[in-house]
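Residue-level structural notes
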Amino acid sequence: MKQLSDIDAFFLHGETPKQPMNLSGVGIYDPATRGKTRITFADVLRYGAERSRRSPLFRRRLVKTPWLNDHPYWAEDSDFDIRNHVFHLTLDKPGTREKLDDAVAHIHSRVVDREGPLWEWWFIDGLDGMAEIPKGSFALLFKLHHAAFDGVAAWEVINVSHDLGPGHHDDVMAKTKAPTASSSAPSRLGLALNAYKRALRAPFSLAKIAWDSMPIARKLITNKLNEFPLHAKRAPKTPFNAPLGTRRNHRKVNARMADVKAIRQLVPGATVNDVVLAIIGGALRQYLNAKGGLPDKSLNVGMPVSIRAKGDAGDAGNQAMLAIVQLGTDIADPIERLRSIHHWTTTKKDYVNAIPSSVMMDMFEHVPGIVMRAAVKAFTGLKAARVIRLPYNLVVTNVPASRVPIYFAGARMIEYDACGPLWDGVGLIHVTTSYLDVLHFSFNADADLLPDPDQYADLLRASLEEMSQLASSLSDVPRSNANTGGAKALSSPKAIAGKKATAGKKTIARKKAAVGAKAGVSKN
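Keep in mind that what you see is a predicted model, and the values were worked out from it rather than measured.

Reading the values: the criteria
Residues numbered from 1 in each chain as written. Predicted model: local features only at pLDDT ≥ 70, side-chain atom pairs only at ≥ 80, totals over all residues. Heavy atoms only, no water. Helix = DSSP H or I, 4+ residues; strand = E, 2+ residues; numbered from the N terminus. Buried < 20%, exposed > 50% of the residue type's maximum accessible area, 1.4 Å probe, protein only. Contact = heavy atoms within 4.5 Å. Areas by Shrake-Rupley, 256 points an atom, 1.4 Å probe, with all protein chains shown as cover. Patch = residues over 30% accessible without salt bridge, like charges linked within 9 Å, V, L, I, M, F, W, Y side chains within 5 Å. Salt bridge = Lys/Arg side-chain N within 4 Å of Asp/Glu carboxyl O. Lys, Arg positive; Asp, Glu negative; His and termini not counted. Charge placed at Lys NZ, Arg CZ, Asp CG, Glu CD. Arc of directions from axis to C-beta. Pairing = 2+ DSSP bridges. Axes fitted to C-alpha atoms, helices over the stretch in contact; angles between N-to-C directions. Core = buried A, V, L, I, M, F, W, Y, C linked by side-chain atoms within 4.5 Å. Left-handed = near helix turned anticlockwise from the far one by under 90°. Nonpolar A, V, L, I, M, F, W, Y, C, P; charged D, E, K, R; others polar. Parallel < 35°, antiparallel > 145°, perpendicular 65-115°, else oblique. Polar contact = N/O pair within 3.5 Å; in protein donor to acceptor, adjacent residues only side chain to side chain.

**Points about the overall build of the chain**
- From N to C terminus, the chain includes 15 helices and 16 strands.
- Considering the chain as a whole, with its 524 residues, one finds that 54% of them fall into the buried category.
- Considering only intrachain contacts with a sequence separation of at least 6, the fraction spanning at least 24 residues in the chain is 82%.
- About 23700 Å² of surface is accessible on the chain, with carbon and sulfur atoms providing 56% of the total.

Dropping the structure here:
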């Protein structure tokens, strides 16, 4: 058996009915590629039973240690039954996009049953009220517990459930073999002894980590990375930084990847992730301003950064750390906001790259299970979010999907988006996914803390269109004049702050000059 890592156990212990630790992916499929116009729940159930044999991850369950004195283990579920994991929902007529989003939010907000493997599939039909998709299309929601998967590993499991062509699934299933059974579970006494051995080794392991980290510290000082704090400044207070309720909402906005890459050219060296953050920063600036609660200081965003080694994508569990950067909500000018974000993310990336991923993982692997469980339960159970403000206001994570079409039971996936977990005190998360040539801006939020998701989705579209118009209007300007003063890298956050005074005037001037094509935005 394999024991949960400290990071995996963190998501397990942190779960409450108001704080489910789920990752969900939602695909919409056109069954016309099957040669049939409809797919039934019986088809999905049969396909799921066969496809679940392709990986042992579908059949593993938790085994708790005696007295809960250490992290649980994974073991094969000898009583696995696909009917306990695959469910059916038909939307009320007419099956609109809003009804699908609300159904996704509701399913995502419910905890997964821990008595068996920690995943669910939901077959959702009745989507014919959505004029923008082919008749007979259906949705599939893949729901996984965060203790078992991070975003990268979750996509790999979803990938196992799909094929690269409409006619491949029959051949693949015919050759599928049953997963290899895991080793038998040790006795309760054996589990208890393992827990005490791990606790006794922890001080020596921590001392070794400290010794091994000394050369890394010297490297950070040599590269002057010690001037950059591990975290951004204290996060300001916003309406969605409060204890969570039980209700959630979910929406998404689509953009052509070509438009996003064009926006990237506004700031030399900027990445797609930088553009995503700048668009979200612009939308949040307008949203909070409309509510009369825009802080003078920038909001901070927590970004999970994968520290997986190449080739480990299929390995389950969590291998990521949280980087915290400023979102630039205090900067009116979109280009200056993008430049500020690029500075923060580049510096943070230099810091992360300077520390080997093995050292980062080791730092999390020596907290006694009983201590972690008590600490996490205390934070959530005592509603500490009322008095303790976390160092970030929201979470933004990017999960690349597939650049080529993929198929479920022969039906072609035509779009994809995802949901992530919320934490007490952080009631908003964005999950961006790229499928084919489209970037999907998805968000889910606590319905009491962000009660108007359609308004916020409209502001995301407006922020995207504003930046697309800027990119279009400046694309015809000679490169030497396109970003006057923009080619130079900012040396510090102070340099960025010095530009804020004239940011509003620059924005007005650029808007008057902007003449480009409209952004490739869909209300899907």
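On we go.
**Regarding a positive patch on the surface**
- Among the surface-exposed residues, R234, K237, K297 and R389 lie close enough to one another that they form a single positively charged patch.
- Positionally, R234 belongs in the loop between α6 (188-222) and β8 (248-256).
- On the basis of relative accessible area, R234 is assigned to the exposed category, the value being 59%.

**Section: helix α2 (residues 41-51)**
- Regarding α2, the residues found buried are D43, V44, Y47, G48 and R51. In an axial view of α2, the angular spread of the buried residues amounts to 125°, which keeps them on one side of the axis.

**Some words on the pattern of salt bridges**
- Scanning the entire structure with this criterion turns up 20 salt bridges.
- The salt bridge involving R34 is made with D43; its shortest N-O contact spans 3.8 Å.
- D163 serves as the salt-bridge partner of R51, at 3.2 Å between the closest nitrogen and oxygen. With R51 in helix α2 and D163 in the loop between α4 (151-160) and α5 (169-175), the pair connects residues that are 112 residues apart, well separated along the chain.
- Overall, R51 belongs to the buried group, its relative accessible area being 0%.
- Overlapping salt bridges, with partners in common, bring together R97, E132, K252 and E415 in one network.

**Observations regarding unusual backbone geometry**
- Following K93, the chain continues into P94 via a peptide bond in cis, with omega recorded as -10°.
- Inspection of the secondary structure puts P94 in the loop between β5 (86-90) and α3 (97-108).
- One non-glycine residue, A409, lies in the positive phi region at around 55°.
- Following the sequence through the fold, A409 ends up in the loop between β12 (407-408) and β13 (411-419).
- Residue classification places A409 among the buried residues on the basis of a relative accessible area of 4%.
- Phi at L436 takes a positive value of approximately 55°, unusual for a residue other than glycine.
- Relative to the elements of secondary structure, L436 occurs in the loop between β14 (428-435) and β15 (438-446).
- L436 sits in the partly exposed class, given a relative accessible area of 26%.

**Some words on the pairing of β13**
- The buried fraction of β13 amounts to seven of the nine residues, a majority that puts the element mostly inside the structure.
- Note that strand β2 (residues 22-30) and β13 share seven bridges and pair antiparallel. Within β13, the position partnered with V26 by the bridge is D417.

**With respect to the sheet that holds β2**
- Ordered by their spatial adjacency, six strands build an open sheet running β5-β6-β7-β2-β13-β12, and the pairing between neighbours is mixed. Every interior strand has two partners, whereas the edge strands, β5 and β12, have only one.
- Here β2 runs beside strand β7 (residues 138-145); their pairing, made up of eight bridges, is antiparallel. Bridge pairing links L23 to L144 in β7.
- With respect to the sheet, α3 is in contact with β2, β5, β6 (119-125), β7 and β13, its orientation differing from that of β2 by roughly 150°.

**Considerations on the nonpolar core**
- Judged by nonpolar contacts, the single largest core of 101 residues is most densely connected at I280, L284, L394, F408, L428 and Y456.
- Ranked by residue count, the leading element in this core is helix α8 (residues 272-290), at eleven residues.
- Those residues within four positions of F408 in sequence are excluded, and the remaining contacts are Y29, V44, Y47, W121, L140, F142, S161 and H162.
- In terms of nonpolar packing, the next biggest core, distinct from the first, is built from 15 residues, I28, L91, I107 and I133 among them.

**A few points about the packing of helix α7 (residues 257-264) against helix α12 (residues 453-475)**
- Where α7 meets α12, the closest approach of the two axes is 9 Å, and the angle between their N-to-C directions is 65°. Regarding α7 and α12, the two cross each other, and that crossing is left-handed. Across from D259, A262 and I263 in α7, the residues of α12 making contact are L464, M467, S468 and A471.
- Split by residue class, the contact of α7 with α12 holds five nonpolar, one polar and one charged.

**Regarding the packing of α7 against α8**
- Contact pair α7 / α8: the axes reach a minimum separation of 9 Å and the direction vectors enclose 90°. When the axes of α7 and α8 are compared, the pair comes out roughly perpendicular. Residue-level inspection shows M257, V260, K261, I263 and R264 of α7 in contact with α8, the latter providing V272, V275 and I279.
- Here the contact of α7 with α8 is composed, by residue class, of six nonpolar, no polar and two charged.

**Digging into the side chain of R248**
- Residue placement: R248 occurs in strand β8.
- Looking at R248, the relative accessible area reads 13%, which means it is buried.
- In terms of polar contacts, R248 uses its side chain to reach the backbone carbonyl oxygen of K18, at 2.6 Å.
- Within the local environment of R248, its side chain forms a polar contact with the backbone oxygen of G245, the two atoms lying 3.0 Å apart.
- Sequence-distant contacts of R248, defined by excluding residues within four places in its chain, comprise K18, Q19, P20, A105, S109, L422, A445, D446 and A447.

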